[in-house]
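Read off the chains here:
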Amino acid sequence: MALKNKKALSAEIVLRPASGKAFDSQTAITSENIAEYLPSPDTVAAAQRAFNRAGFDVGNAVGMSFSITAPASTFEKVFKVKLARTERGGVKARIQGGAQSYELPITALPRELAKDVVAATFSPPPDFGPGNY
């Protein structure tokens, strides 16, 4: 289902750790090791400014990420994707081959935005709440 371009959407931007440590699917990030994955304050500030200049409202940094909010049209223009609403009310990006993903393609971002970004993602809707009882 296509999205109305005026409705505000939010996504999470995950930044590169200052330590240079890489993210992998085998390592859990916990309160014991979070410091190894935190971006530098300068990286956070620069990324927030860059996304703000690109037309997003930018949230405060929490841990290794911050949120961005804008109409669907801004996401589509900046990330060079088409967005679609899921059956459960979430938002996914249409990627190559017609597949859909909660993850936005950071390779399409201008260098100023992409240089410190590890991931940009929409959150899937919860599996609980109204309609799921």
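Residues numbered from 1 in each chain as written. Predicted model: local features only at pLDDT ≥ 70, side-chain atom pairs only at ≥ 80, totals over all residues. Heavy atoms only, no water.

(A) Fine view of the overall build of the protein chain. Counting secondary structure elements, the protein chain contains three helices and seven strands. Taken from the N to the C terminus, the helices and strands of the protein chain come in the order β-α-β-β-α-β-β-β-α-β. Since a compact globule built from 133 residues should have a radius of gyration of about 14 Å, the 15 Å found for the protein chain is in line with a globular shape. If you line up the protein chain on its principal axes, its C-alpha atoms span 40 × 35 × 30 Å. Here the protein chain holds 133 residues, and 36% of them are scored as buried. Once local pairs closer than 6 in sequence are excluded, the contacts in the protein chain between residues at least 24 apart make up 52%. Roughly 8200 Å² of accessible area belongs to the protein chain as shown, and the carbon and sulfur atoms make up 52% of that amount. (Helix = DSSP H or I, 4+ residues; strand = E, 2+ residues; numbered from the N terminus. Rg over C-alpha atoms; globule rule 2.2 N^0.38 Å. Buried < 20%, exposed > 50% of the residue type's maximum accessible area, 1.4 Å probe, protein only. Contact = heavy atoms within 4.5 Å. Areas by Shrake-Rupley, 256 points an atom, 1.4 Å probe, with all protein chains shown as cover.)

(B) Structural detail: the sheet that holds strand 5 (residues 91-94). Read across the open sheet, the three strands follow the order 4-5-6; overall the sheet is antiparallel. Edge strands, defined here as strands with exactly one partner in the open sheet, are strand 4 (82-85) and strand 6 (100-101). As defined by bridge partners, strand 5 adjoins strand 6 across two bridges and the pair is classed as antiparallel. Its bridge partner being in strand 6, A93 is matched across the sheet by S101. (Pairing = 2+ DSSP bridges.)

(C) Examining the pairing of strand 4 more closely. When strand 4 meets strand 5, the two strands line up antiparallel, connected through four bridges. Within strand 5, the residue paired with L83 across the bridge is A93. Counted between consecutive antiparallel strands, the loop separating strand 4 from strand 5 contains five residues, among which G89 sits at a positive phi close to 95°.

(D) Spotlight on the sheet that holds strand 2 (residues 57-58). If you trace the four strands from one edge of the open sheet to the other, you get 2-3-1-7, paired in antiparallel fashion. Unpaired on one side and paired on the other, strand 2 and strand 7 (117-121) mark the two borders of the sheet. Relative to strand 7, strand 1 (residues 8-15) runs antiparallel, the two sharing four bridges. The partner of V14 across the bridge, within strand 7, is A119. This element, helix 2 (residues 72-79), spans strand 1, strand 3 (65-71) and strand 7 of the sheet and lies at about 115° to strand 3. (Axes fitted to C-alpha atoms, helices over the stretch in contact; angles between N-to-C directions.)

(E) Representation of the nonpolar core within the structure. With 27 residues, the main nonpolar core has I13, F51, I68, F75, F79, L83 and L104 as its most contacted residues. Those elements giving two or more residues to this core turn out to be strand 1, helix 1 (41-53), strand 3, helix 2, strand 5, helix 3 (111-114) and strand 7. Non-local contacts of I68, meaning those with residues more than four positions away in its chain, are made with L9, S10, A11, I13, F51, F56, D57, V58, F75 and F79. (Core = buried A, V, L, I, M, F, W, Y, C linked by side-chain atoms within 4.5 Å.)

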